Amino acid sequence: MPSSQAWWAMGVNNGYTLSNQYWYLNMLTETSLRTETISDRIKQQWLDKLWQHLFDGEASGLLSPGQIRRQRRNRKAVRQLEMAALFEAEQDVNLIHQGLKCIDSRGKLVDTPRIDTVQTHAIIESSGIDEFSDVGKQSSVSMLETAAKEVGVRDLERALNLRKIILLAEAEVYAAADRPISQHSVSAEWMICWKNVAQDVFNPEIQILLARMLIQEVAQANSYAMSSLYMLRQLNADDLEMLAILSKFSFGSFLFNASQGYFNTELYHNLLENMDDLGLITGYNMEPLIKQVSSETTDGYLAFLPCGNKAMRVQAKQASKILSLPIYKVSRAGRQLMSLHTTTVDLAYLFEVAAYIKQQGFSVALGEWQCHKKGSQFEEKMPLWWLFSQLVFEEF
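Residues numbered from 1 in each chain as written. Predicted model: local features only at pLDDT ≥ 70, side-chain atom pairs only at ≥ 80, totals over all residues. Heavy atoms only, no water.

**Student:** Honestly, the overall build of the protein chain in this entry has me stumped. Any pointers?
**Tutor:** A count of helical and extended segments in the protein chain gives 14 helices and ten strands. Here the protein chain holds 396 residues, and 44% of them are scored as buried. Contacts spanning at least 24 positions in sequence make up 71% of the contacts within the protein chain whose residues lie at least 6 apart. On the protein chain, roughly 21900 Å² of surface is accessible, and the fraction owed to carbon and sulfur atoms is 52%. (Helix = DSSP H or I, 4+ residues; strand = E, 2+ residues; numbered from the N terminus. Buried < 20%, exposed > 50% of the residue type's maximum accessible area, 1.4 Å probe, protein only. Contact = heavy atoms within 4.5 Å. Areas by Shrake-Rupley, 256 points an atom, 1.4 Å probe, with all protein chains shown as cover.)

**Student:** How do you make sense of a nonpolar patch on the surface when you look at a structure like this?
**Tutor:** Side chains of Ile103, Leu109 and Leu156 sit close together on the surface and give an oily, nonpolar patch of about 220 Å² of accessible area. Its location among the elements puts Leu109 in strand β2 (residues 109-111). Under the relative-accessibility criterion, Leu109 is labelled partly exposed at 38%. (Patch = residues over 30% accessible without salt bridge, like charges linked within 9 Å, V, L, I, M, F, W, Y side chains within 5 Å. Salt bridge = Lys/Arg side-chain N within 4 Å of Asp/Glu carboxyl O.)

**Student:** Just to check I follow, could you spell out the environment of His97 for this structure?
**Tutor:** Tracing the backbone through its elements, the reader meets His97 in helix α5 (residues 75-97). Through-space distance from the C-alpha of His97 to that of Glu150 is 9.0 Å; in sequence the pair is 53 residues apart. In this view, His97 contacts Val153 and Glu157; residues no more than four positions away in its chain are not counted.

**Student:** Would you explain unusual backbone geometry in this entry?
**Tutor:** Note on backbone geometry: most residues besides glycine have negative phi, and most peptide bonds are trans. Residues other than glycine seldom take positive phi values, yet Arg72 does so here, at roughly 55°. Of note, Arg72 is situated in the loop between α4 (65-70) and α5. Overall, the relative accessible area of 77% leaves Arg72 in the exposed class. With phi around 60°, Asn285 is a residue other than glycine that occupies positive phi space. By secondary structure assignment, the location of Asn285 is in the loop between β4 (281-282) and β5 (289-293).

**Student:** Is there a simple way to explain the confidence of the model for the protein chain in this structure?
**Tutor:** Averaged over the protein chain, the pLDDT score is 81; the fraction of residues at 70 or greater is 76%. Across residues 121-129, confidence stays below pLDDT 50; counting only partners more than four residues off in sequence or on other chains, it has two contacts. Counting contacts from residues 386-396, a segment whose pLDDT is below 50, to residues more than four positions away or on other chains yields 21 contacts. (pLDDT = per-residue confidence, 0-100.)

**Student:** Which parts of the structure should I look at to understand the pattern of salt bridges?
**Tutor:** Side-chain pairing between opposite charges can occur once the charged atoms of the two side chains come close. The final tally for this structure, using the stated rule, is twelve salt bridges. Note that Arg79 is salt-bridged to Glu82, the shortest N-O span being 2.7 Å. Of this pair, Arg79 and Glu82 both sit in helix α5, three residues apart, roughly one helical turn. The class of Arg79 is buried, set by a relative accessible area of 0%. Linked by salt bridges that have partners in common, Arg154, Asp155, Glu157, Arg158 and Asp200 make up one network.

**Student:** What is the right way to read the packing of helix α8 (residues 188-198) against helix α9 (residues 204-219) from this model?
**Tutor:** Relative placement of two packed helices is described by the angle separating their axes and the distance separating the axes. At their nearest, the axes of α8 and α9 sit 11 Å apart, and the two run at 170° to each other. The pairing of α8 with α9 is recorded here as roughly antiparallel in orientation. Listed contacts from α9 to Trp190, Met191, Trp194, Val197 and Ala198 of α8 are Leu210, Met213, Leu214 and Glu217. In terms of residue class, the contact of α8 with α9 is made up of eight nonpolar, no polar and one charged. (Axes fitted to C-alpha atoms, helices over the stretch in contact; angles between N-to-C directions. Parallel < 35°, antiparallel > 145°, perpendicular 65-115°, else oblique. Nonpolar A, V, L, I, M, F, W, Y, C, P; charged D, E, K, R; others polar.)

Structural data, given as structure tokens:
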């Protein structure tokens, strides 16, 4: 394992600096301290199922959650040491790329000999040699050997990166909310797809989203489509930032079309246009799509509109009333990628939606939306009966 001196000596890796390496270690620590929100039994079941799908009993170079439990190890300390070892191994791979180290015929990592220490044959130093005399001789063998070395190093780099994301996934399990773990296995095709995508992703933000997608798919198979994995891989840093912003406004299958109000700024016009171009939403710069919401009960009108961890309860005396909302439709990939973000809902946006609903003769209350094993629960926090010209924007 790397010493403290070796840790400080680590340099740039795949475009991400030492501060990013501390970010990984902080992620492992913070998620461990954040909660004991799920029972030990469910937690262990989730982690064991995760490891089984990833390695299927094969050696991974990482201690499995089961090994850590049986040996009564300190999980946080073990994972920090393993993550530090991964960073040091990645530094060695970078040195191979720079030509400062190489893997010898025995598979050992060794320093590359300095050029001034290599003895050369007299014929090499002779100026009379034909400079083209060796061209074409055994070139196919040389090319194959060079290509094999390059592929080997690239596969090593991918394997190390994959293990780093797996450690992040384990940390995300400890931070996750309580949920049942399905006995159904994740399809082999989905796992292959996830590994193929994840191994080539070095952006820490996307790595976290991939980790979350993996653990949720392990908990409940068929939660995420393979097309969503490929979509995530295509997003750049700006796309990710816009997606995180957009997730604050999502009602799941739709966004309220506030183009004449809250979204009537250049920032939001650009954001919506880009998300529409990516196929994550539809309806931008078009005649507004109208979503009609019927009552969930026959004893008066009642409907809930969840938005993140908040929701609006919409009520009226007549069960036959229909709520009409102008919307942007969110695609399946958009819904699945937005669900990976844990963002704070924009209350000003919700107030604008509530004002639009009240104009149709409904009463609206704002509250917390909590999902449990047995279903969802609305906890009222704020009845919105006052005039919206006198709104008080106060977090609850």
